[in-house]
Structures are given as structure tokens and as C-alpha cells.
Amino acid sequence: MRVLFTTWSAPSHLYPLIPMAWACRAAGHEVRFAGMPSAVPGMLQAGLTATAVGSDAELTGMSSSGKLAAWHKQEPWPDDWPERPDKLVPEQVELLAALGRKQCVIAERMVDDLVAVVERWRPDLIVSDVSTFAGPVAGAVAGIPVVGQLWGSPGVLRYENRALGEEPLPEYAALFARFGLDAPVAPAALLDPCPPSMNLGSVLPRLPMRFVPYNSPGEAPAWADEPAGRPRVCVTWGVTAAKVLGAAVLEPLHHIVSAVAGLGAEPVVAVAAAQRALLPALPEGTRIVESMPLHLLMPHCDAIVHQGGAGTALTAAAHGVPQLVVPQRPAPMLIGDRLAAVGAGRTLPHQVVAGDEHAGKLVAAELDALLTDPAHREAAVRLAGENAAQPAPAELVAALAELVAR
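The structure displayed is predicted, hence computed values, not measured ones. (Residues numbered from 1 in each chain as written. Predicted model: local features only at pLDDT ≥ 70, side-chain atom pairs only at ≥ 80, totals over all residues. Heavy atoms only, no water.)

## A word on the overall build of the protein chain
Scanning the protein chain for helices and strands turns up 15 helices and 13 strands. Here the C-alpha atoms of the protein chain give a radius of gyration of 21 Å, agreeing with the 22 Å that 2.2 N^0.38 yields for 406 residues. For the C-alpha atoms alone, the extent of the protein chain along its principal axes is close to 60 × 45 × 35 Å. Taking all 406 residues of the protein chain together, 53% fall into the buried category. Sequence separation of at least 24 residues holds for 67% of the intrachain contacts in the protein chain that already meet a minimum separation of 6. In the structure as shown, the protein chain presents an accessible area of about 15,900 Å², 53% of it carried by carbon and sulfur atoms. One way to put it: in the protein chain the 29 positive side-chain charges average out to a point 3 Å from where the 40 negative ones average out. (Helix = DSSP H or I, 4+ residues; strand = E, 2+ residues; numbered from the N terminus. Rg over C-alpha atoms; globule rule 2.2 N^0.38 Å. Buried < 20%, exposed > 50% of the residue type's maximum accessible area, 1.4 Å probe, protein only. Contact = heavy atoms within 4.5 Å. Areas by Shrake-Rupley, 256 points an atom, 1.4 Å probe, with all protein chains shown as cover. Lys, Arg positive; Asp, Glu negative; His and termini not counted. Charge placed at Lys NZ, Arg CZ, Asp CG, Glu CD.)

Right, dumping it as C-alpha cells:
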């Protein structure tokens, strides 16, 4: 087969695609990536062939302005909202529609070039990040199957449809109409790396898949393999949130790291290179690691505190590490809720940790429970075993070939 992978963004929507791309390549298939220019360096770092399509959207401004500014300041949503969107109030439904419209604008910038790539290279299959709306359009134009790749969030977040239902947003339908197609075409299947016990239902056919952590290439330092002599707690805030919200989103790190140190644990703050200058003042003795892939750090940690990104959460889950999630947006809140539901994590609202004068005590209490209550460690280990029991990407390559052969 020739398999074309496509995404609009790196790293959060690119990295989940990499293990399946490697699996297809190792099985002897031709693999190529197509994505917005800003995503191309990450594709090349993974050792894969890449083609730039479209022009980079002003993603930071689009994600934090207008109606979408409210996405980053939400009170808790229902803990099963992807499965039960009827529980959402009108303002929440409209916020989801605004997210969908943003992705449609991004798709408009990609789709003409992506269709041209498909016409030139003639792939047999497209594997598209599910938030990359240009992928299904290109597949429908060429008459080839498209498999959606979920990025690890519990449930299927169908932002392209009204209230996550079946009716497409007008802007999404217009992407297909510009090529003479009467209606949107659903993916042939969805690759789903979220462990079953964390997952929520969906009417769409899904191919359960083991989450194989990939967090970019990197060097494993010697200290990581050496016993710490005390509990080691990773504190990380992902990449996307800081890009969108700037230094303000990192303010809770002072309370969090102080709480870790106050418990006698070793705080390890993992940041991207661009984030280091944004860090607040941190307690003496804090270890700061820059651009270290999280999958190299997790085997040596006793707990992790993070913002609720799917890649971070599932990397920790794959290694059986208990998690404290401090979410600021509805999708990360969902991840925190699901981790708490299976016993492998706990959650605190970002607003509390950022603004409460007692934030340090609150964080310390949650972390102490994670580190001392064996039930959390046992649940985290069970979650890791559940993930390991799912089919590896290599085992699903044949299923992709069957979709092409139909």
C-alpha cells in the first residue's frame, strides 16, 4: 500500500500518528506525511517523508480570541459530555461549534494542496488526525478510504458536527461542496489509543489500539536511570497551553513544585525549550529538564502533575504512573475525570491552584494521597496493563490493508 498520513498541528496531533506510520513502513508499505509547514520538522525528526500543504494558520490567535477565549476559562463540564452532549447548555454547545469552525478555517488552508498531493502520489489509504478536516475531504475527492486517528482523548469529539451529533456544521459541509460532493463522508474506521476503561462510547466503528508513547526523539541522561533515594515527581505543562496562553498558564508551577519539595520528594520539571524562560521562580533543588521526551522520564517517576493533555496522560498511563491533573479546559478536564474514575489519578481545578492562597496545601494533600495510598499505584499499574493488552500498531496494519481491499 501507499499510506498518506496527515495532520494540521505538531506535536499534540502529530505524535499520536507516528507509531502507526512506523508500523506501516516496517511492514513494507510506502508512507508519506502531509501537514501544515509548522508540522513538517516534527515529521522529519521522526525519520519520515514529509510534504508541506497549505499555509500556517495564525493558530495562537485563533485559539485564544473571540468566542474561543472562553474555552480556556471553563467551569467543570458534565463528566461524560462527549457521550451525552444533551447535558450541555447552549453556551457550551456554541463553544464546541466555534472549535469546529476554527478547524474548518484550518482545513480551508490545507485542502487544495492536500487534494493535489493525493492526485500526484495516488495513495491507497489516508490516515488522518480526526481534527484535520482536510483529510476526509481529500479521501472523498479521490474515492479512497480514510481512517481517522484519535489522539487519546476519551470519547470521540466530533467538533465538525453540531453538538457532537450527526448534523455537520455548514462550514464543514462547505469543504466537501467546493469539490462537488453533496455531503461529508465519515471515516471508514477510527484508530483509538485510549484504554477501554477510560473511554466513552461512540457510534462510529473503532479499532482499539495500544498507546505507544512517542514524544519526539531525545537523549536519555544517566541520572534518570539512577535511584533517586526519594519519590520522584514529574511536573510538566505540555506545549500547546503555553503557546496559546503564554507565561500565565505556568504560574501554578510554583505552588506545585513547592508542594512536591515540601513532601520530601524530588521535583523534576519537564519543559520545552521555549518554555524555560517563562517559568516562575522555583524552589532550590528543583531539577529542570529541557526537551526531554516524556517517555524517557516516566519509567523513573513515582507520580506526575500536569495540565491534562492527552499525550502526557497516556504516556504516564502506559508506564503505570499515578497522575494529578490540573486542567483549565473542558477536554483536559475530561481526561482528569476519567483517570479519577479508574482510580489512577486525582484532579484539582486550575483556577484553585493558580489563585487560592492555600493552593500549596491543596496540591500537597492530593500528591500525598497519590504517593502514599497504594490503591492509586495499583490502579495505575492496572491501566498500564490494560493498555499493553490492546493490539499494537503493527498488529493493526493488516486491518488497514483489509479496508483498502474492500
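## A short note on the sheet that holds strand E10 (residues 287-290)
In spatial order, the strands read E10-E9-E8-E11-E12-E13; together these six strands make up an open sheet with parallel pairing. What marks the edges here is a single partner per strand, and that holds for E10 and strand E13 (345-347). Sheet twist, expressed as the average angle between the axes of neighbouring strands with direction ignored, equals 20°. Examined bridge by bridge, strand E12 (residues 323-325) and E13 share three bridges and lie parallel to one another. By the bridge assignment for E13, Gln 323 is matched with Gly 345. (Pairing = 2+ DSSP bridges. Axes fitted to C-alpha atoms, helices over the stretch in contact; angles between N-to-C directions.)

## Focus: the sheet that holds strand E4 (residues 125-129)
If you trace the seven strands from one edge of the open sheet to the other, you get E3-E2-E1-E4-E5-E6-E7, paired in parallel fashion. Taken across any chain shown, the strands that pair with only one partner, and hence form the sheet edges, are strand E3 (50-52) and strand E7 (206-208). Across this sheet, the average inter-strand angle for adjacent strands is 25°, counted without regard to direction. Pairing between strand E1 (residues 2-7) and E4: four bridges, direction parallel. Note that in E4 the partner of Val 3 across the bridge is Leu 125. In the packing of helix H1 (residues 18-26) onto the sheet, the strands contacted are E1, strand E2 (30-35), strand E5 (146-149) and strand E6 (189-192), and the crossing angle to E2 comes to about 150°.

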